[in-house]
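Close look at the chain arrangement
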Amino acid sequence: MPVSIAALFCLVVAISDGDTLTARCGLPAAAYQIKVRIAAIDAPESRQAYGTQARKNLLQLCLRQRARIEPLDQDAYGRSVANVRCGSTDVASAQVRAGLAWVYTPYARQHPYLAPLQRQAKARGMGLWAQRRPVAPWTYRHRYLRRVAV
């Protein structure tokens, strides 16, 4: 991951799902919280197969850990889209390597190291790749979450 002057050093205080966390940043007297969507990956939704495992893995990697957050963009929900390291671990790589997230190719150009990790996880049948026909989260959201909202 390239070094950025705009990197934040924070404490992870909550995990929403396999690709989203909340961190407390800044000095104690002026601390603020940010919600962060991990860049270049898309983890299964909470009610989707392997959604719970993806969240648990992110909990183990990051909860109550110091995180280096390198904001890249903001998504439609107001979350900061960022590269995230918890301790010395690149979180996107860890989730993909464990088979607990897909590489989200529309946004993965700056993360060419993720595609080989996904191929390896798939070849080994890791995590969600143990399923016969895993459903990508973007397909799941389109098929199932839209029905609930209507």
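Cut-offs applied
Residues numbered from 1 in each chain as written. Predicted model: local features only at pLDDT ≥ 70, side-chain atom pairs only at ≥ 80, totals over all residues. Heavy atoms only, no water. 1 Å grid on protein atoms, 1.4 Å probe; cavity = no way out; pocket = protein on both sides within 12 Å on 5 of 7 lines; lining within 4 Å. Points joined across faces, edges and corners; volume = space filled by probe spheres on them. Helix = DSSP H or I, 4+ residues; strand = E, 2+ residues; numbered from the N terminus. Nonpolar A, V, L, I, M, F, W, Y, C, P; charged D, E, K, R; others polar. Core = buried A, V, L, I, M, F, W, Y, C linked by side-chain atoms within 4.5 Å. Buried < 20%, exposed > 50% of the residue type's maximum accessible area, 1.4 Å probe, protein only. Contact = heavy atoms within 4.5 Å.

Right, let's talk about the layout of surface pockets for a bit. Its volume calculated, the largest pocket comes out at about 710 Å³. Along the wall of the largest pocket there are 26 residues; nearest its centre are Arg37, Asp75, Arg79, Tyr104 and Tyr107. Of all the elements in the fold, those that place two or more residues in the lining of the largest pocket are β3 (32-38), β4 (41-42) and β5 (66-74). Per-element accounting of the lining of the largest pocket gives the leading share, three residues, to β5. Residues belonging to the lining of the largest pocket are distributed by class as follows: twelve nonpolar, four polar and ten charged.

The next point concerns the nonpolar core. With 30 residues, the main nonpolar core has Leu21, Cys62, Ile69, Val84 and Leu114 as its most contacted residues. Those residues in contact with Cys62 that sit more than four places away from it in its chain are Val12, Ile15, Leu21, Cys86 and Val91. Counting residues in each nonpolar core, the second largest holds five residues, with Trp102, Ala121, Trp129 and Ala136 among its members.

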